Amino acid sequence: MKGYTFMRWSKQGVPVSGKIRCRAVMAGLARAFSATLALCALMFTWVVLSAGLTYDFSDFVAAGTLLAAVLGGFAGGRAAGTLGSLHGFITGLLYGLFLSALVMIGCEGSYSALGLVFRTLVLGVAGTAGGILGVNLSSKVVLVPKRGAKRQPGL
């Protein structure tokens, strides 16, 4: 495990809350919701083009939301460049909270609150895994520029 970082601390004495980059979390949420929309478009295409009458996408939706949380955490950790596990967890948790809110609005009483909390935490852990990968597999391309960074002409 030598050479892999789970958290890279950049400055000593600065509180963790000052190290969280909101723009990186927003970039991760945008990636997670984009993956969710792609999943919905894929399911819609399947329903329209297939001849079947009954569709059960519950396993597909569960796997797709986990993948979306991992991709969102990856984008958040990669954009932040530091504290990948924290940025990924926040991204996955916010993504899970949004999905839980949609479920509670749309399906009154069909899901228990404890089950939704568990699913939200699972999405947070999946985002953490993506954030760790995003920090460790980061490239020289910056997805979200840092504050005060000068833009080069033509970019």
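Since the model is a prediction, treat every value here as computed from it, not as a measurement.

### Digging into the overall build of the protein
And step 1. Counting secondary structure elements, the protein contains 5 helices and 0 strands.
And step 2. For the protein, the N- to C-terminal ordering of α and β elements is α-α-α-α-α.
And step 3. Carbon and sulfur atoms make up 69% of the accessible area of the protein, which totals about 10,300 Å².

### Re the packing of helix α3 (residues 58-80) against helix α4 (residues 84-106)
And step 1. α4 packs onto α3 with a crossing angle of 140° between their chain directions and a minimal axis gap of 8 Å. Looking at the two axes, α3 sits oblique to α4. Crossing hand, α3 versus α4: right-handed. On α4, the residues that touch Thr65, Ala68, Ala69, Gly72, Gly73, Gly76, Gly77 and Ala80 of α3 are Gly84, His87, Gly88, Thr91, Tyr95 and Leu99.
And step 2. For the contact of α3 with α4, the residue count by class is 5 nonpolar, 9 polar and no charged.

### Let's talk about the packing of α4 against helix α5 (residues 113-136)
And step 1. Viewed as axis vectors pointing N to C, α4 and α5 meet at an angle of 150°, and their least axial separation amounts to 6 Å. One finds that α4 runs roughly antiparallel with respect to α5. The handedness of the crossing between α4 and α5 is right-handed.
And step 2. Split into classes, the residues belonging to the contact of α4 with α5 amount to 13 nonpolar, 11 polar and no charged.

### Examining the layout of surface pockets
And step 1. In this structure, the largest pocket spans a volume of roughly 620 Å³.
And step 2. Considering the residues around the largest pocket, the lining is formed by 21 residues, among which Val61, Thr65, Leu99, Val103 and Arg119 are closest to the centre.
And step 3. Of all the secondary-structure elements, those providing two or more residues to the lining of the largest pocket are α2 (22-49), α3, α4 and α5.
And step 4. In terms of residue count, the dominant contributor to the lining of the largest pocket is α5 (6 residues).

### Quick notes on α2
And step 1. If you check α2, its first and last C-alpha atoms are 40 Å apart, about what 28 residues at 1.5 Å a residue would give, namely 40 Å.
And step 2. Buried within α2 are the following residues: Ala24, Val25, Gly28, Leu29, Ala32, Ala35, Thr36, Leu39 and Met43.
And step 3. On its buried face, α2 is in contact with α3 and α4.

### Topic: the packing of aromatic side chains
And step 1. Inspection of the entire model under this criterion finds 3 aromatic pairs.
And step 2. Ring geometry for phenylalanine 57 versus phenylalanine 60: centroids 6.4 Å apart, planes at 50°, classification tilted.
And step 3. According to the relative accessible area criterion, phenylalanine 57 is partly exposed, its value standing at 22%.
And step 4. Here the aromatic cluster, defined as three or more aromatic residues joined through ring pairs, consists of Phe33, Tyr95 and Phe98.

### A look at the side chain of threonine 120
And step 1. Topologically, threonine 120 is positioned in helix α5.
And step 2. Given a relative accessible area of 5%, threonine 120 falls into the buried group.
And step 3. Beyond its immediate chain neighbours, meaning those up to four positions away, threonine 120 contacts Gly92, Leu93, Gly96, Leu97 and Ser100.

About the thresholds
Residues numbered from 1 in each chain as written. Predicted model: local features only at pLDDT ≥ 70, side-chain atom pairs only at ≥ 80, totals over all residues. Heavy atoms only, no water. Helix = DSSP H or I, 4+ residues; strand = E, 2+ residues; numbered from the N terminus. Areas by Shrake-Rupley, 256 points an atom, 1.4 Å probe, with all protein chains shown as cover. Axes fitted to C-alpha atoms, helices over the stretch in contact; angles between N-to-C directions. Parallel < 35°, antiparallel > 145°, perpendicular 65-115°, else oblique. Left-handed = near helix turned anticlockwise from the far one by under 90°. Contact = heavy atoms within 4.5 Å. Nonpolar A, V, L, I, M, F, W, Y, C, P; charged D, E, K, R; others polar. 1 Å grid on protein atoms, 1.4 Å probe; cavity = no way out; pocket = protein on both sides within 12 Å on 5 of 7 lines; lining within 4 Å. Points joined across faces, edges and corners; volume = space filled by probe spheres on them. Expected span 1.5 Å × (residues − 1). Buried < 20%, exposed > 50% of the residue type's maximum accessible area, 1.4 Å probe, protein only. Phe/Tyr/Trp six-rings, centres within 6.5 Å; stacked < 30°, edge-to-face > 60°.

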